[in-house]
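# Remarks on the overall topology
Now for the letters of each chain:
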Amino acid sequence: MNYDAILVVSFGGPESREEVIPFLENVLRGRNVPRERMLAVAEHYYHFGGKSPINQQIRELIAALETELAEHGPKLPVYWGNRNWHPRLADTVKKMRQDGVRRALAFVTSAYSSYSGCRQYREDIARAQCEVGPDAPQIDKLRAFFNHPNFIEATEDRVRDAMQEIPADARQNVQIVYLAHSIPLAMAETSDYVRQLEDVRRILSARLGITNDALVYQSRSGAPGQPWLGPDIQDYLREVKARDLASAVVLAPIGFISDHMEVLYDLDVEARQVCDSLALPMVRAKTVGVHPKFIGMIRELILERMTPGVERRALGSLGARRDVCEEGCCPAPLHRVPLQAAQGRPKTG
């Protein structure tokens, strides 16, 4: 397949105090989230001066990817569009059209399959194409990469580095606490999200030689009565101390690829406060970020789509994810209205 550009698609985030509330209102539009919860989340951003770290981290990822492609090929331009904030996806697709891009591959900064982590991004791309018009470029999404060897190896390196930071007198029974973003149970039950996370947990613990581990969740944002995946990280840390499950914990946010706001605040601030109050030693592993193996993985996924018959590498029991999801895969929650067929057939993989 011939492609003439790469599109990096991310969540987006505010870059000043003035942008925080408009950004959050945009994120939560159409969702049943109380305004007081939104204002509480705004305080997380204000804690860091109103600037989310995610945009700068995506800039760094793009710079690393551009270097990787320039040195090893394929030599394709890299564009960037966000779901929720500037640079907005529709604006980027319009710029691609103006630049003469006809076929592009999209790398979405989400490793796992769920409505919000995969299908919604495909809908976002299709919506942006509809907004640009019938001559918008075709955009095919790269497959979910949760079990790609390079993602696993980069994550393993980050966790090993964190394990070395545990104080020597607390290393007798260290527990690795793997973390991912909580999602509504209704969303989890219609996707492979938990299966994929559990598979990554098993792979990593085997490679690390760890038997004391757990998978927990963070950053839930729904209405109080709506059931979400658990246990929540703060509750779980209290359980670790109460049941003497570990001498120290390493928090490994395997559900994220960058140290963005939910990692920095929910783990480095809130979870650390809990651990300090419990006298439970804690180290937080870095996310893969711009780890060379992770950047190399993106290039490999690109080549995989451009070269018929190339090996599709994957570890664990679930195999390589399909390039194009089945029509009923990861359906939208009931409170979401999917892109209507009347808007035209989305040109996205």
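Quick look at the structure, then. These figures come from a predicted structure and were not determined experimentally. (Residues numbered from 1 in each chain as written. Predicted model: local features only at pLDDT ≥ 70, side-chain atom pairs only at ≥ 80, totals over all residues. Heavy atoms only, no water.)

### Considerations on the side chain of Ser10
In this structure, Ser10 sits in strand β1 (residues 5–10). In this structure the side chain of Ser10 is engaged in a polar contact, spanning 3.1 Å, whose partner is the side chain of Thr109. Excluding residues within four positions of it along the chain, Ser10 makes contact with Ile54, Ile58, Trp80, Gly81, Asn82, Arg83, Thr109 and Tyr121. (Helix = DSSP H or I, 4+ residues; strand = E, 2+ residues; numbered from the N terminus. Polar contact = N/O pair within 3.5 Å; in protein donor to acceptor, adjacent residues only side chain to side chain. Contact = heavy atoms within 4.5 Å.)

### Structural notes on the packing of aromatic side chains
Counted according to the given criterion, the structure contains 10 aromatic pairs. Each ring, one from Phe151 and one from Phe294, has its centre 6.1 Å from the other, and the planes form 55°; the classification is tilted. With Phe151 in helix α6 (residues 149–163) and Phe294 in helix α12 (residues 292–306), this pair connects stretches of sequence that are 143 residues apart. Considered together, Phe151 and Phe294 belong to a single accessibility category, that of buried residues. Aromatic rings pair up to connect Phe11, Phe23, Tyr45 and Trp85 into one cluster. The side chain of Arg103 reaches across the aromatic face of Tyr3, ending 4.7 Å from its centre. (Phe/Tyr/Trp six-rings, centres within 6.5 Å; stacked < 30°, edge-to-face > 60°. Buried < 20%, exposed > 50% of the residue type's maximum accessible area, 1.4 Å probe, protein only. Lys NZ or Arg CZ within 6 Å of the ring centre and 35° of its normal.)

### What about the nonpolar core?
Ranked by internal contacts, the top residues of the largest apolar core, which has 59 residues, are Tyr112, Phe145, Phe151, Phe294 and Ile298. Excluding its chain neighbours within four sequence positions, the residues that come into contact with Phe294 are Leu61, Phe107, Phe145, Asn150, Phe151, Ala154, Ile257, Val288 and Gly289. If you look at the next biggest cluster of nonpolar residues, it comprises 19 residues, including Leu179, Val240, Ala246 and Met282. (Core = buried A, V, L, I, M, F, W, Y, C linked by side-chain atoms within 4.5 Å.)

### What to know about the pairing of strand β6 (residues 213–218)
Burial analysis of β6 places 6 of its 6 residues in the buried class, which makes it a mostly covered element. Here β6 shows two buried faces, one formed by Asp213, Leu215 and Tyr217 and the other by Ala214, Val216 and Gln218. Examined bridge by bridge, strand β5 (residues 174–181) and β6 share 6 bridges and lie parallel to one another. Within β6, the position partnered with His181 by the bridge is Gln218. (Pairing = 2+ DSSP bridges.)

### Let's talk about the sheet that holds strand β8 (residues 282–284)
As summarised here, the arrangement of the 4 strands in space is β6-β5-β7-β8, forming an open sheet in which the pairing is parallel. Each edge of the open sheet is held by one strand with a lone partner, namely β6 and β8. In this sheet, neighbouring strand axes are inclined to one another by 25° on average, regardless of whether the strands run parallel or antiparallel. Sheet topology note: the β5/strand β7 (residues 248–252) ladder contains 5 bridges and is parallel. Bridge assignment links Val177 to a residue of β7, and that residue is Leu251. Packing against the sheet, α6 makes contact with β5, β7 and β8, and its axis sits at approximately 155° to β7. (Axes fitted to C-alpha atoms, helices over the stretch in contact; angles between N-to-C directions.)

### Overview of the sheet that holds strand β3 (residues 103–108)
Pairing in this open sheet of 4 strands is parallel, and the strands run β2-β1-β3-β4 from one edge to the other. Of all strands in the sheet, those bounded by a partner on one side alone are β2 (78–82) and β4 (138–141). On average, adjacent strands in this sheet sit at an angle of 30° to one another, irrespective of strand direction. When β3 meets β4, the two strands line up parallel, connected through 4 bridges. Bridged to Ala106 within β4 is Lys141. Here helix α3 (residues 54–72) sits on the sheet in contact with β1 and β2, set at roughly 160° to β2. Packed onto the sheet, helix α5 (residues 115–132) meets β1, β3 and β4 and runs at close to 175° relative to β4.

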